[in-house]
Every structure is written in C-alpha cells, then in structure tokens.
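# Breakdown of the fold
In case you want the letters, here they are:
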Amino acid sequence: MNSMKDATDKGPDVVLIGAGIMSATLGMMLKELQPDLTLEIYERLDVAAAESSDAWNNAGTGHSAFCELNYTPEKADGTIDVSKAVKIAESFEISKQFWAYLIQHNIIELPTSFIKSIPHMSFVWGNDNVNFLRKRYEAMTKCHLFQGMEYSENQEKLKEWVPLIMEGRDNSEPVAATKMDLGTDVNFGALTRSMFNYLQQQEGVTIHFSHEVRKLRQVENGRWRIRVKDLHSGEKRNVFARYIFIGAGGGALSLLEKSDIPEGQGYGGFPVSGQWLKCTNRAVIERHKAKVYGLAAVGSPPMSVPHLDTRFINGQQELLFGPYAGFSTKFLKKGSFLDLPKSIKPANLRPMISAGIHNLALTKYLIDQVRQSPEERLGALKDYFPEAKAEDWELEVAGQRVQIIKKDPDKGGVLEFGTEVVSGANCTLAALLGASPGASTSVSIMIGLLERCFMHRINTDEWKAKLKEMIPSYGQSLADNPELLDEIRAYTGRVLDLTPAVKEK
Ligand SMILES: Cc1cc2nc3c(=O)[nH]c(=O)nc-3n(C[C@H](O)[C@H](O)[C@H](O)COP(=O)(O)OP(=O)(O)OC[C@H]3O[C@@H](n4cnc5c(N)ncnc54)[C@H](O)[C@@H]3O)c2cc1C
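In this report, the structure presented in the accompanying data block is examined. This is a predicted model, so every value here is computed, not measured.

## Here we look at the overall build of the chain
Summing up its helical and strand segments, the chain has 17 helices and 21 strands in all. For 505 residues, the compact-globule estimate of 2.2 N^0.38 gives 23 Å, and the C-alpha radius of gyration of the chain, at 23 Å, lies within 12% of that figure. Dimensions of the chain along its principal axes, counting C-alpha atoms only, are 80 × 50 × 45 Å. When each of the 505 residues of the chain is scored for burial, the buried share is 57%. Long-range contacts, defined as pairs at least 24 residues apart, comprise 73% of the intrachain contacts of the chain with a sequence gap of at least 6. Accessible surface, the chain: about 21,400 Å² in total, of which carbon and sulfur atoms supply 51%.

Right under this line is the structure:
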C-alpha cells in the first residue's frame, strides 16, 4: 500500500492527452503562468497536430464571424440576431492577443508562418438571400467589432472582389456580397507545432509521441492513474498526475467515459466527416484572394457551409472548396470504425437514440453527401465558380468532427454543434468535447477552463498580472469598448503583421 502511495505521489502536476491546438494552448498558458509546473503530454500519433489541427484537415478560417452566415440567424420577427457573432469575434481578438504574445516572446519566430490577412466575404444569390445579407450587414455594422465591413449588390464591384465567382454567372440574377478586409487565414497546424517545439525545450515538460492513453482512474489520494501504451514497443505503464486535460479531439468522448466522473455521464458523439476539392491549377489559385462563405443547403449541418477559400500553407497560396460533409463511424481521421459503436453505453443510449430520431434529416443529408458523384461535386463548386473545370481539382479527405449529443429533459437527447468543457472530480479532470468554432477560439476556451479549474490560482496577483500581459484586454469587454478594440487591433495587427489587402479602386 505504501509503495502504491509513493508511486502515485510521483509524476507530473498535469497530463495533457492529445497534441492538438487545445492541449498546446493550455500547456503554453499553464507554463507561462506557473513556470515550475511539471507537464507531460501523451499523443497517439508520431507528430503533433496531425488530426483536426493540421492545416489540410480544417479550413484555416480565423473565425471572427465576418463571413459565416450561420452565426447570424434571422429571428422569427425578421431581425438578425448578432449575439453569437459578437461572442465569436471577441474570442478571436483574444486568440490574436495571445498569439501576439507568443511572437513578442520569440516562442514563434514569424507570424507569417501561421497567420495571414485575407478578406472574409459572404456571397449569396436570389432575392430572399440578398435581402437577408443586406439586413445582416446593417445589423452587424452597428457593432464596432464589424465596422469596416463593405456591402455590394453591384456586379461590377463584385467582379473586382471575386472574379472567379462572377465570371460566367447569369447576370440577370440578383447577387450580393459583404467583404471584411480584417479577415485571416490561420495555419493551426504550424501554430500548434511551434507551441509544442517551444514547450518541449522547457524544464519539467515531456512530450511522448506514439503513446496512447487507454484508461483513467482517480486513486485514493485524488491523483489520477493514467494507463498509457507505447505504440512502438507495446509496453504499457501507469502515469500519475494531479490534473488531466483530455484534449484528444474526437478521442475525448471515449476517455471521458472511461474516467467515470458523474459529470461525463450521458454524453454521446455524432461523427461528421468531410472532404474538400483542392485546386491544382496555379493560375486559378492565384486569381482568387478571399475566403468566401455561402449559405448552407437546407437540412445540412451548420459546419458544412460551402466556401471557396484561399489558404496559405507552407508558404504557398492554395485554394479549397467545400467541405462536402459525410458520415463515418470513426471519431478520429486515423481512428477506428468501431469508435461510434464502442461509445454507446447504457448512460447515453437514450440521448443518442432521441438525438438520432430528431435528426433524421441530417443523417439523410450526410448519407446523400457520401453518395455524391464527382459530377455532383463539380456542380456544387460551379454554384460558386461557374467556369470551374474538373481537371483542375482533386478530392482530399478533411478532418473528422464529433458533434456533442447530450441529455435533454424534454427531448431525451439533443445534438449540439458547439464545444463544451466537461469537468469533474473537483475539477482535477477536464475534457473538451465538440468541434466548432474550434481552433480560432482555443484561447478563450482555455481561459474558461483555467477560470473554472484553477480558480484558486487565477485570482492571485501573479496569475492576474501574467494573464494581462498575455491578453491585454483580459477581463474587459471589447464589444462594449470601441477605443480598447481599436487599440488591441492596432497592436495585434502590428505584431502579427496583419496588413489588410489594399482596397481596390
Ligand atoms: C473539416 C474541418 C474544418 C474546420 N475548419 C475550421 C476553421 O476553419 N477554423 C477553426 O477555427 N476551426 C476549424 N475546425 C475545427 C478545428 O480544427 C478543431 O476545433 C481543432 O483543431 C481541435 O483541436 P484539438 O486539439 O481539440 O483536437 P485535434 O487537433 O484533433 O487533436 C487531438 C489529438 O489527440 C490525439 N489523441 C486522440 N485520442 C488519444 C489517446 N487516447 N491518447 C493519446 N492521444 C490521443 C489525436 O491523435 C490528436 O492528435 C475545423 C475542423 C474540421 C474537421
């Protein structure tokens, strides 16, 4: 018994499971806030950021709610609800401040290695959609966060903004677009790997690649016993830690279930896979300079909003269209087809069945998407790029998202499209479930986790001062404070080298 106690008392203060952007962000923040903290990271793959956080597995949109029409729903009375957009825009400003801190402290050498300015646009056609976009523009530009947004129904103007989208289009059809030059493209994979490269060099931090976490159990002294398998040698061992963060992306649900915390009971997961069309013709790629989001098809999940998207990956400009949603029972791109069946437990059976019954249209939509022929995919692309040619595009598999299913007192179970931090055992364990808006809001999500699970530390003068240094607007509302927002945008714009494209004459 004594030797058991000795073993459990050893080990790091914190274990992070998964080497994606969420663990990287939390690890960086914790180590900056408390340099003597010991940290171990376990990742089942042999590199960091190879699942959802990798550049080709996500769309790289710095989600600021400038262009994503699903963040601004139309209410029953015809007005536009901008509250979600305001929250997301503020969160992205917080992320940019933290990334600027990383640059200023030479943790990441060059901002251009992971973030670049690119206009964010919304584009619609048809009278109803044009009316919606105009109303949305009017509602959004009342808020300081969205000032600078431009709106146009003028075809000549739109040809200047997005020639590929306008050429070959029936010009009798009403079209409209908004444009926000403050938009960004972010290579979340490069950012994540930079953070881990830095962390790895810090005293008290160890990263174990090709190590899969298999089991978790809280032992008598409150510490956690983590059963880890070395996927190269096959050896299994126990690691003990005071705090665990399950940042395992699609793998988080099964680990949360294994932890047996009551707060984790009843959660289920609904996997949505994705594919892109990736442009291979350099001449075409160079002619499009925007992230252009449209409206989601009726019945489709919010994250399958089509977009024609400029990307900057490994120093090169790229062009993606998609995502085409799909269905797979895997919870990770490099996961197992048994992930979904194995996640079904007595505690989540009812929520899973209820959510399934209430979302039959979504399931049908996803199955239809999987069955799409190459011609149908090209047809969807031509809605945005009428003169697209099949030979210029190739199909790529995107990352896997696991949407949250949770208990609901009325419906039995509901499907949600956001993210949620679930914590338990006196906040010694926290898991991040869900996928959207994701990496762009990773910093706010992790601040929320720190405020919840490290409450006793966050109120100390040291932590408060350090948080203010990392995020100068910490504790203040950017939506309510236009001067502060201007100041913060000027600072992050300068440090992150975000120079919005020069306006076309
Ligand atoms: C198609 C698509 C488009 C997206 N577009 C955007 C976008 O434009 N903008 C945006 O902000 N966000 C976007 N996202 C969301 C964003 O990519 C994710 O929110 C974010 O990358 C999640 O980071 P993470 O660290 O939680 O997970 P991940 O990056 O998936 O990392 C989890 C890690 O945990 C590891 N792991 C899993 N199980 C175990 C285990 N048992 N033991 C050890 N390691 C384990 C995995 O191998 C993986 O490396 C998109 C996602 C997808 C799929």
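Following the structure, the description resumes.
## As for the state of the cysteines
This model, assessed by the stated rule, comprises 1 disulfide. Paired by a disulfide, Cys427 and Cys453 hold their sulfur atoms 2.4 Å apart. Here the disulfide of Cys427 and Cys453 is left-handed, its torsion about the S-S bond being about -50°. On the criterion of sequence distance, the pair formed by Cys427 in the loop between β20 (419–424) and β21 (429–434) and Cys453 in helix α14 (residues 442–453) is long-range, its members being 26 residues apart. In this structure Cys453 comes out as buried when scored by relative accessible area, which is 7%. Cys143 takes part in no disulfide bond, and the closest cysteine sulfur, belonging to Cys67, lies 16 Å away.

## Structural notes on the packing of aromatic side chains
Counted under the stated rule, the structure contains 14 aromatic pairs. Note on Tyr243 and Phe454: the rings are 4.7 Å apart at their centroids and 40° apart in plane angle, and the pair reads as tilted. Of the two residues, Tyr243 sits in strand β12 (residues 243–246) while Phe454 sits in the loop between α14 and α15 (455–458), which places them 211 residues apart along the sequence. Here the two residues Tyr243 and Phe454 agree in accessibility, since each one is buried. Ring geometry for Phe385 against Trp393: centres 6.2 Å apart, planes inclined by 70°, an arrangement best described as edge-to-face. By relative accessible area, which is 9% here, Trp393 ends up buried. An aromatic cluster of at least three residues, connected via ring pairs, comprises Phe123, Trp125, Phe321, Tyr324 and Tyr384. Here the guanidinium or amino end of Arg169 rests over the ring plane of Trp125, the centre of that ring lying 5.5 Å away. If you follow Lys278 out to its NZ or CZ, it ends over the ring of Trp56, 4.2 Å from the centre.

## Structural notes on the site of the ligand
Neighbouring the ligand are 38 residues; Glu43, Ser53, Thr61, Val213 and Ser440 lie closest to it. With respect to the ligand, the side chain of Ser53 contributes an N or O atom lying 2.5 Å from an oxygen atom. At the level of secondary structure, the elements contributing two or more residues to the shell around the ligand comprise α2 (21–33) and β9 (211–218). Top element by residues in the shell around the ligand is β9. It accounts for 3 residues.

## Quick notes on the sheet that holds β9
The sheet built from 3 strands is open, its strands ordered β9-β10-β11 with antiparallel pairing. Edge positions in the open sheet fall to β9 and β11 (236–241), since each of these has one partner strand only. Between one strand axis and the next, the sheet turns by 25° as a mean value, whatever way the strands run.

## Focus: the pattern of salt bridges
Where charged atoms of side chains with opposite charge meet at close range, the side chains can pair. On inspection of all chains with the given rule, the structure shows 22 salt bridges. Here Glu167 makes a salt bridge to Arg287, at a shortest N to O gap of 2.6 Å. Taken as a pair, Glu167 in the loop between α6 (163–166) and β6 (175–180) and Arg287 in helix α9 (residues 282–287) lie far apart in primary sequence, 120 residues in all. A salt bridge links Glu469 to Lys466, with the nearest nitrogen and oxygen atoms 3.3 Å apart. With a gap of 3 residues between them, Glu469 and Lys466 both fall in helix α16 (residues 461–470), about one helical turn apart. Classification of Glu469 as partly exposed rests on a relative accessible area of 39%. Within this structure, Asp185, Lys291, Asp309 and Arg311 form a network of salt bridges that share partners.

## Some points on the sheet that holds strand β2 (residues 39–42)
Here we have 6 strands laid out as an open sheet, ordered β8-β2-β1-β12-β21-β20, and mixed in their pairing. Each having just a single partner strand, β8 (205–208) and β20 make up the two edges of the open sheet. Direction aside, the axes of adjacent strands within the sheet are offset by 15° on average. Relative to β8, β2 runs parallel, the two being bridged by 4 bridges.

## Section: the nonpolar core
The biggest cluster of nonpolar side chains holds 60 residues, and the ones touching the most others in it are Phe98, Trp99, Leu102, Phe114, Phe245, Leu450 and Ile471. Other than its neighbours up to four places away in sequence, Leu450 contacts Leu26, Met29, Leu30, Leu33, Met455, Ile458 and Trp463. Judged by nonpolar contacts, the second largest core, of 38 residues, contains Val213, Ile226, Ile246 and Val272.

## Notes on the side chain of Arg489
Following the sequence through the fold, Arg489 ends up in helix α17 (residues 482–495). Take Arg489: its relative accessible area is 14%, and that puts it in the buried class. A polar side-chain atom of Arg489 sits 2.9 Å from the main-chain carbonyl oxygen of Leu145. Ignoring any residue separated from it by four or fewer positions in sequence, one finds Arg489 in contact with Phe66, Glu93, His144, Leu145 and Leu182.

## Describing a positive patch on the surface
A cluster of basic residues, Lys215, Lys236, Lys258, Lys342 and Lys345, forms a positive patch at the surface. Mapped onto the elements, Lys342 comes out in helix α10 (residues 339–343).

## Notes on the pairing of strand β19 (residues 412–416)
Counting buried residues along β19, 4 of its 5 residues qualify, which places the element largely inside the surrounding structure. Here strand β18 (residues 401–408) runs beside β19; their pairing, made up of 5 bridges, is antiparallel. Bridge assignment links Lys407 to a residue of β19, and that residue is Gly413.

Conventions used here
- Residues numbered from 1 in each chain as written.
- Predicted model: local features only at pLDDT ≥ 70, side-chain atom pairs only at ≥ 80, totals over all residues.
- Heavy atoms only, no water.
- Helix = DSSP H or I, 4+ residues; strand = E, 2+ residues; numbered from the N terminus.
- Rg over C-alpha atoms; globule rule 2.2 N^0.38 Å.
- Buried < 20%, exposed > 50% of the residue type's maximum accessible area, 1.4 Å probe, protein only.
- Contact = heavy atoms within 4.5 Å.
- Areas by Shrake-Rupley, 256 points an atom, 1.4 Å probe, with all protein chains shown as cover.
- Disulfide = S-S within 2.5 Å.
- Phe/Tyr/Trp six-rings, centres within 6.5 Å; stacked < 30°, edge-to-face > 60°.
- Lys NZ or Arg CZ within 6 Å of the ring centre and 35° of its normal.
- Near = heavy atom within 4 Å.
- Polar contact = N/O pair within 3.5 Å; in protein donor to acceptor, adjacent residues only side chain to side chain.
- Pairing = 2+ DSSP bridges.
- Axes fitted to C-alpha atoms, helices over the stretch in contact; angles between N-to-C directions.
- Salt bridge = Lys/Arg side-chain N within 4 Å of Asp/Glu carboxyl O.
- Core = buried A, V, L, I, M, F, W, Y, C linked by side-chain atoms within 4.5 Å.
- Patch = residues over 30% accessible without salt bridge, like charges linked within 9 Å, V, L, I, M, F, W, Y side chains within 5 Å.
- Lys, Arg positive; Asp, Glu negative; His and termini not counted.
- Charge placed at Lys NZ, Arg CZ, Asp CG, Glu CD.

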